[in-house]
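As a plain string of letters, each chain reads:
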Amino acid sequence: ILSYRALNRFGLADPDLENQLLLSASFAIQKLSAEQHSDGGWGWWVNSSSNPSTTAYVLLGLVEASEQGFAISPERIVRAQEYLRANFVSIDANVETWEANRQAFILYALARSGVPDIARAEVLYRNRDDLSLYAQALLAESFWYIDPLDSSRTDVLLNDLLNQSITSAAGIHWEEN
């Protein structure tokens, strides 16, 4: 779907490639639609339990597909959003970093899909020191989707990320344990 978007956005007309991409994307969308569980989520495998991370990835893919003009049932997206909202962890002193990171990813998927959870994003923002760098970046993008005109939290998160960057002759990169 992203390749299809790039072809269209940059005017790289290739009818054969475009047809292949359309067929592949349509097949993938049908397969994902058929594999959505009754609770609204998706698992790593068809027969495995629903998983919040997998569901967030699928939700992002469906939203992107919809934006590129593919027929996506709004019900599929709503059910995925509901599943994700039902599978948050409580952010407190005992939360593991991976759990907080996953919550940042889920909040990003919800914000990107049009139903941000502002209260949970704010709680995670107040506990941002517990997040990995990539999760801080996802949280910054979530706040941008919540309100692109209110950059107060986004700017703080981006400044924190820039302060942790390492500059070398080859460019800028980040490192963490």
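Residues numbered from 1 in each chain as written. Predicted model: local features only at pLDDT ≥ 70, side-chain atom pairs only at ≥ 80, totals over all residues. Heavy atoms only, no water.

What follows is about helix H3 (residues 52-67). For H3, with 16 residues, the first-to-last C-alpha span of 22 Å sits near the 22 Å given by 1.5 Å per residue. A large share of H3 lies buried, amounting to 12 of its 16 residues. Buried within H3 we find Pro52, Ser53, Thr54, Thr55, Ala56, Val58, Leu59, Leu60, Leu62, Val63, Glu64 and Ala65. Residues of H3 that are buried in the fold lie against helix H1 (2-9), helix H2 (15-35), helix H4 (74-85) and helix H5 (97-112). Put simply, Asn51 is the residue that caps the front of H3, since its side-chain oxygen is 2.8 Å from the backbone nitrogen of Ser53. Gly69 occupies a position one or two residues after H3 and carries a positive phi of about 95 degrees. (Helix = DSSP H or I, 4+ residues; strand = E, 2+ residues; numbered from the N terminus. Expected span 1.5 Å × (residues − 1). Buried < 20%, exposed > 50% of the residue type's maximum accessible area, 1.4 Å probe, protein only. Contact = heavy atoms within 4.5 Å. Polar contact = N/O pair within 3.5 Å; in protein donor to acceptor, adjacent residues only side chain to side chain.)

Here the focus is a nonpolar patch on the surface. Together, Leu162, Ile172 and Trp174 give the surface a local cluster of nonpolar side chains, amounting to about 310 Å² of exposed area. Among the secondary structure elements, Leu162 is positioned in helix H8 (residues 152-163). (Patch = residues over 30% accessible without salt bridge, like charges linked within 9 Å, V, L, I, M, F, W, Y side chains within 5 Å. Areas by Shrake-Rupley, 256 points an atom, 1.4 Å probe, with all protein chains shown as cover. Salt bridge = Lys/Arg side-chain N within 4 Å of Asp/Glu carboxyl O.)

Turning to H5, a few remarks are in order. Helix length check: H5, at 16 residues, gives a terminal C-alpha distance of 22 Å against a target of 22 Å (1.5 Å per residue), a fit within 8%. Most of H5 sits out of view: 12 of its 16 residues are buried. Summarising the contacts, the buried residues of H5 are in contact with H3, H4, helix H6 (118-126) and helix H7 (133-146). Gly114 occupies a position one or two residues after H5 and carries a positive phi of about 95 degrees.

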